[in-house]
Amino acid sequence: MKNTILTLQKRKQNKQKITMLTAYDYTTAKLMDESGVDCLLVGDSLGMVMLGYDSTVSVTMEDMIHHSKAVARAAKTAFVVTDLPFMSYHTSVYDAVFNAGRLVKEGQAQAIKLEGGQAFCEHIKMITQASIPVIAHIGLMPQSVLALGGYKVQGKEYQHAKNIILDALAVEQAGAVAILLECVPADLAKYISELVSIPTIGIGAGAGCDGQVLVYQDMLSMYDGVSSKFVKSFASIGEQMKKAFSEYCEEVKEQQFPASEHEFAIDNEIIVKLKSEFSMGHKGN
């Protein structure tokens with residue numbers, strides 16, 4: 001049965017944790033769906049992990065729609081959420097509703113996610129009135145990283161923590177169906193999760209949230225270097241992939257692959273006849 005916003009709400013009510021992972025392509029989304037992941041997030045993080053950008057700022061609506069369609073085709077059970085990219089909703093409420101509609105109509109998303117709290121309540125309200133579920137992303141907001149002064153924990157000081165609480169209450173009131181909390185202290189995230197009636201999904205926000213999300217390339221160690229504190233490596237897939245790619249290159253160069261078991265046969269008499277025919281024709285020319 002297909003997961004919906006009602007599924008997520010029921011999970012919160014029953015104190016059952018919600019699982020979410022990023023997905024950007026059909027094959028990976030299909031594997032996640034078959035593994036029982038509740039929600040697939042087509043995040044604008046695809047700018048870095050799929051397109052090689054330095055940040056999410058360069059991601060376009062066309063990028064999001066393209067990847068969202070691929071993920072949606074694979075999601076037989078999982079709930080599909082797609083990000084509104086930078087400047088696709090900031091300019092006006094009209095743009096917000098129009099572009100949210102594109103993600104649902106063209107990208108086949110079941111819900112959209114946008115970054116922002118109190119300042120974007122009117123946007124959330126109007127998108128919701130257009131019958132499009134909205135997940136609000138507060139705390140650390142990557143699209144606003146320049147204004148925030150970098151990627152760092154949000155809400156450690158009293159006033160800032162209070163503002164995040166006010167953001168959460170405001171987006172709930174505006175009609176958001178869930179809240180994504182990124183890089184906020186665990187106790188603050190736990191309190192917000194208890195304060196609001198809608199589900200909270202945490203990334204770097206502790207175990208007190210109603211659910212968790214990770215970028216799948218991070219959890220599979222598909223990047224070199226130090227990852228964020230909140231990331232746990234569940235498998236070293238990156239190293240396994242590099243090992244496999246390296247072995248492939250070596251076997252091709254050493255003429256070990258393809259071997260006879262990887263080849264298709266043809267009757268030798270046919271080859272002899274072809275060689276004779278083309279050899280004669282070549283000499284005649």
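Quick note: structure is the one above.
Model, not experiment: these values are computed from the prediction.

Peer 1: Help me out: how do you make sense of the nonpolar core in this one?
Peer 2: One recurring pattern in soluble globular proteins: nonpolar side chains tend to sit buried together. Leu40, Leu84, Ile112, Leu114, Ile127 and Leu181 are the most contacted members of the largest nonpolar core, which has 56 residues in total. Residue contributions to this core peak at six residues, all from helix 8 (residues 158-174). If near-sequence neighbours (up to four positions away) are discounted, leucine 84 is found in contact with Met61, Tyr89, Ala96, Asn99, Ala100, Leu103, Ile112, Lys113, Leu114, Ile127 and Gln143. Grouped together as the second largest cluster of nonpolar side chains are 14 residues, Ile18, Cys39, Leu41 and Ile135 included.

Peer 1: For this particular structure, what's the right way to read the pairing of strand 6 (residues 178-182)?
Peer 2: The two faces of a sheet get side chains in turn, since along a regular strand they alternate between them. The element strand 6 is largely enclosed, with a buried count of five among its five residues. Here strand 6 shows no split at all, with Ala178, Leu180 and Glu182 on one side and Ile179 and Leu181 on the other all buried. In this structure, strand 5 (residues 134-139) lies alongside strand 6, joined through five bridges in parallel fashion. Residue histidine 137 lies in a different strand from strand 6, and its bridge partner there is leucine 180. Judged from the four bridges that link them, strand 6 and strand 7 (residues 200-203) form a sheet pairing that is parallel.

Peer 1: I keep staring at the packing of helix 4 (residues 61-74) against helix 5 (residues 93-105) and nothing clicks. Help me out?
Peer 2: A packed helix pair is summarised by two numbers, namely the angle formed by the two axes and the spacing between the axes. Orientation of helix 4 relative to helix 5, taken along the N-to-C sense of each, is 25°, at an axis distance of 9 Å. It follows from the interaxial angle that helix 4 and helix 5 lie roughly parallel. Note that helix 4 runs across helix 5; the crossing there is right-handed. Taken together, the residues of helix 5 that come into contact with helix 4 (itself represented by Met61, Glu62, Met64, Ile65 and Ser68) are Asn99, Arg102 and Leu103. Residue classes in the contact of helix 4 with helix 5 are distributed as four nonpolar, two polar and two charged.

Conventions adopted
Sequence positions are assigned chain by chain, starting from 1 and proceeding in written order. Local features in a predicted model are, by the rule used here, given only for residues with pLDDT of at least 70; side-chain atom pairs are given and counted only at 80 or more, and totals for whole chains, interfaces and linings are based on all residues. Only heavy atoms go into the side-chain values, all of them from the structure, while hydrogens and water stay out. Note on terminology: a nonpolar core comprises buried Ala, Val, Leu, Ile, Met, Phe, Trp, Tyr and Cys residues joined through side-chain atoms within 4.5 Å. Burial classes: relative accessible area under 20% of the type maximum marks a residue as buried, over 50% as exposed, and values in between as partly exposed (1.4 Å probe, protein chains only). Secondary structure elements follow DSSP: runs of H or I of four or more residues count as helices, runs of E of two or more count as strands, with numbering from the N terminus. Two residues qualify as a contact provided that any one of their heavy atoms is within 4.5 Å of a heavy atom in the partner residue. Paired strands, in this sense, are two strands between which DSSP finds at least two bridges. Fitted lines through C-alpha atoms give the axes, limited to the stretch in contact for helices. The angle between two N-to-C directions lies from 0 to 180 degrees. For this classification, under 35 degrees means roughly parallel, over 145 means roughly antiparallel, 65 to 115 means roughly perpendicular, and everything else is oblique. Two helices crossing with the near one rotated counterclockwise from the far one by less than a right angle form a left-handed crossing, whereas a clockwise rotation gives a right-handed crossing. Side-chain classes are defined by residue name, with Ala, Val, Leu, Ile, Met, Phe, Trp, Tyr, Cys and Pro counting as nonpolar, Asp, Glu, Lys and Arg as charged, and the others, Gly among them, as polar.

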